[in-house]
Amino acid sequence: MTLIKHSNHRIIQSCVNISLLCCVLFANPVKAASPKEVAHTVAQNIVNSTQFTLVDKPASWSQKDSYIIRFNDITVEPNQTYLAKTKVVLDLDEFENQRDPSQQKLLALSHTPGKLKVFHNDSLVLESTSKKNQFFKKVDYQLNHYASGVALKFVDGDTIQLEFTPFDAKPNIILAPIYADTGMRSRKTKFLFELAGKKAPFALSKQSQSSTAKWALQTRPIITDIDDKLDFSDFRYFTGTILDAMQQLSDYYDTDQFLAYMEKHQSFFFTHYPNILKQREELNVIAGPFSHADRFMLLDDFGPQTAAFINSLAREGRNLSFYKEKQMFLKRALEQIQYIPRLEDGTFTRVTPYPYTVQSDDLFMGGLFLIRASQYLNDKALLEEALLQILNFHKHLFDEPTGLYRHAYYASIDEKASTIWGRGVGWMAMVYVELLDIIPPEHPKYQHLLQNFIVFCDAMVTYQNKTDGRWHQVLNDDTSYLETSVTAMFLRALATGVAEGWLTDPKYKKSAHLAWKGLTSQIAPNGDVKGIVRGTPIFPYPEDYKKHTPRLNDPRGLGAVIYATIAMDKMLKVYPDGQ
């Protein structure tokens, strides 16, 4: 049982050299190393790669799928009218033409106190007046809620002009072209204005009595950001997962090697979060570091992150730095999980791409938090909630022909997603082993859980690449590339199942050994891990997943690699030398 412990030619030649270097690094992977050595090497590489530094840089033009018009480049006077102008650029492809052949979108917007007029190709299409800040809310990836909107049929080169008379000295307008049916941002519809050879989404001007406005391109405010291209130091679900995996590594091998890193990671967040939050509010910045702690609505906004806080609370108690702050986040997470939208049977859902979407990733995002919180608080109801979720996710996502799981189920239209995505299924596999590890065998639902797990593991063995040992990005499509994070997740499930006696057929042990060979072939001696697919939304077609490429050391799969090494070590202790 796992318990929380308390204590040009030259350029071409350079590219060739880099390619050769990568070949050298991965030509001699860590296949001869023990699981313990692999775990420590990967974890130490994460430590060495994390940059706990902040830098000042211009904010991105698009903020969490919205454009923000700030009039900070103009001296603003209340009750004076200001203009913003842009042109519509349609970056269409086959899917977008199928998705929305009319190219009719909603221009959605919210604004600070003032009077707003919106013109489309010089025609007035919307007027809005408000004496207070209008409603705006970040809801999901690519989805925000706005105060108002107008349906417009866009043609490439159309103009949008806004006339705004602010009632205060810090005016701004948040807007985006969105799909009318889902409310999600249309990323193929863009705003771009060119002036004097330079480009920005909007040009701004103070209204003039003359016929010619003096336009100037909007500039971006300077904000504080993390100097870390892979976001290792951010408040993200994958950093929470990495920290939880490091905690398990520390417990299993009885080492304090990574304790300082875990505490430094969380101290970095709590030290800088208040100032960054204040800056975000003052500059009306939506994106940037720690933005998920600000949104705190989706399970992956807070689940694994808070689980990592729980680990440190259990480990250090009241002597812990930022003890009160971590307790506050735990309380906040316990409250927020009650507001996650659910089906009638209690299943966690999201609101994108359709209302009431069950997404496989969320089983881990919410399940890990529930399990760690139940252990720390000795709250059986939280454990029962986690058990309810895994049984319901099985019910809604199980794919009978393969024995695997679809990436999503759209309850509002009663359809399953098109694709059996590797890591999406892998998240579920990890929750199975977490729960089977702590649910007592006499529990009335234990056998149901175990049987679902065995059927699942049978399918894992079936779809494993028998030459390489890894699994494919699209699990039931062997033309898709072999992917590392799902391999780590499935290895964890198989090796743990063998070690704990849940999986007794020799095929599972054989599969685990083959998976270990495949996984370690992707790990360089310095701990770099290749073949991990980047962040992946619910795509409409399997081909989209196949084109979504992996990258070196993507943090979304590194926690799973550490978990997998621990599981392999456990199995080898029970069955040494492949017995």
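Reading the values: the criteria
Residues numbered from 1 in each chain as written. Predicted model: local features only at pLDDT ≥ 70, side-chain atom pairs only at ≥ 80, totals over all residues. Heavy atoms only, no water. Helix = DSSP H or I, 4+ residues; strand = E, 2+ residues; numbered from the N terminus. Buried < 20%, exposed > 50% of the residue type's maximum accessible area, 1.4 Å probe, protein only. Areas by Shrake-Rupley, 256 points an atom, 1.4 Å probe, with all protein chains shown as cover. Contact = heavy atoms within 4.5 Å. Axes fitted to C-alpha atoms, helices over the stretch in contact; angles between N-to-C directions. Parallel < 35°, antiparallel > 145°, perpendicular 65-115°, else oblique. Left-handed = near helix turned anticlockwise from the far one by under 90°. Nonpolar A, V, L, I, M, F, W, Y, C, P; charged D, E, K, R; others polar. Expected span 1.5 Å × (residues − 1). pLDDT = per-residue confidence, 0-100. Phe/Tyr/Trp six-rings, centres within 6.5 Å; stacked < 30°, edge-to-face > 60°. Pairing = 2+ DSSP bridges.

Draft legend 1. View of the overall build of the protein. Tallying secondary structure elements over the protein gives 16 helices and 27 strands in all. Seen along its three principal axes, the alpha-carbon backbone of the protein occupies a region of about 90 × 60 × 50 Å. The proportion of buried residues among the 579 residues of the protein is 58%. In the form shown here, the protein has an accessible surface area of approximately 24,600 Å², with 52% of it arising from carbon and sulfur atoms.

Draft legend 2. Quick peek at the side chain of S250. Along the chain, the position of S250 falls in helix 4 (residues 237-253). Taking the relative accessible area as the measure of exposure, S250 reaches 6% and is therefore buried. Beyond its immediate chain neighbours, meaning those up to four positions away, S250 contacts T255, F258 and M262.

Draft legend 3. Spotlight on the packing of helix 7 (residues 299-316) against helix 9 (residues 361-377). Orientation of helix 7 relative to helix 9, taken along the N-to-C sense of each, is 25°, at an axis distance of 8 Å. Taken as axis vectors, helix 7 and helix 9 run roughly parallel relative to one another. Handedness of the helix 7/helix 9 crossing: left-handed. Along its contact with helix 7, which presents L299, D300, G303, P304, T306, A307, I310, N311, L313 and A314, the element helix 9 presents D362, F364, M365, G366, L368, F369, R372, A373 and Y376. Grouping the constituent residues of the contact of helix 7 with helix 9 by class yields 12 nonpolar, 4 polar and 3 charged.

Draft legend 4. How the structure looks around helix 4. Here helix 4 spans 24 Å end to end across 17 residues, near enough to the 24 Å set by a 1.5 Å rise per residue. The element helix 4 is largely enclosed, with a buried count of 16 among its 17 residues. Following helix 4 by one or two positions, D254 has its phi on the positive side, about 50°.

Draft legend 5. Local environment of the confidence of the model for the protein. Mean pLDDT over the protein: 91, with 92% of residues reaching 70 or higher. Under a pLDDT of 50 for its full length, residues 1-24 has, in the predicted model, 23 contacts with residues more than four places off or in other chains.

Draft legend 6. View of the packing of aromatic side chains. Summed over all chains, the structure comprises 40 aromatic pairs. Arranged with centres 4.7 Å apart and planes meeting at 20°, the rings of F235 and F269 form a pair that is stacked. With F235 in the loop between strand 18 (222-226) and helix 4 and F269 in helix 5 (residues 259-283), this residue pair connects regions lying 34 residues apart in the sequence. You can call F235 buried: its relative accessible area is 5%. When its relative accessible area of 3% is taken as the criterion, F269 is described as buried.

Draft legend 7. Broad picture of the environment of L449. Mapped onto the fold, L449 is located in helix 12 (residues 446-463). The class of L449 is buried, set by a relative accessible area of 0%. Sequence spacing of L449 and L436 is 13 residues, and the spatial spacing of their C-alpha atoms is 7.6 Å.

Draft legend 8. Representation of the sheet that holds strand 23 (residues 415-416). An order of 19-22-23 is seen for the 3 strands of this open sheet, with the pairing classed as antiparallel. Where the open sheet ends on each side, the last strands, each with one partner, are strand 19 (357-359) and strand 23.

Draft legend 9. Structural detail: helix 2 (residues 35-49). Helix length check: helix 2 (15 residues) gives 21 Å between terminal C-alpha atoms against 21 Å at 1.5 Å per residue, within 8%. Listed as buried for helix 2 are P35, V38, A39, H40, V42, A43, N45 and I46. Here the buried face of helix 2 lies against helix 4, helix 5, helix 14 (506-520) and helix 16 (558-574).

Draft legend 10. View of unusual backbone geometry. The step from T352 to P353 runs through a cis peptide bond, and the omega angle for that step is -5°. On the secondary structure map, P353 appears in the loop between helix 8 (323-336) and strand 19. Residues other than glycine seldom take positive phi values, yet N121 does so here, at roughly 50°. Of the residues examined, N121 reaches a relative accessible area of 35% and is grouped as partly exposed. For D122, which is not glycine, the phi dihedral falls at a positive 75°. Among the secondary structure elements, D122 is positioned in the loop between strand 6 (114-120) and strand 7 (123-130). Given a relative accessible area of 70%, D122 falls into the exposed group.

Draft legend 11. Examining the environment of A381 more closely. With respect to the helices and strands, A381 occurs in helix 10 (residues 380-397). A381 sits 11 residues away from L370 along the chain, and the two C-alpha atoms are 9.3 Å apart.

Draft legend 12. Examining the sheet that holds strand 5 (residues 104-111) more closely. Pairing is antiparallel in the open sheet, where 5 strands are placed in the order 2-3-12-5-10. The open sheet is flanked by strand 2 (62-63) and strand 10 (148-153), the only strands paired with a single partner. By the bridge criterion, 4 bridges tie strand 3 (residues 66-70) to strand 12 (residues 172-178) in an arrangement that is antiparallel. Along strand 12, the bridge assignment pairs I69 with I173.

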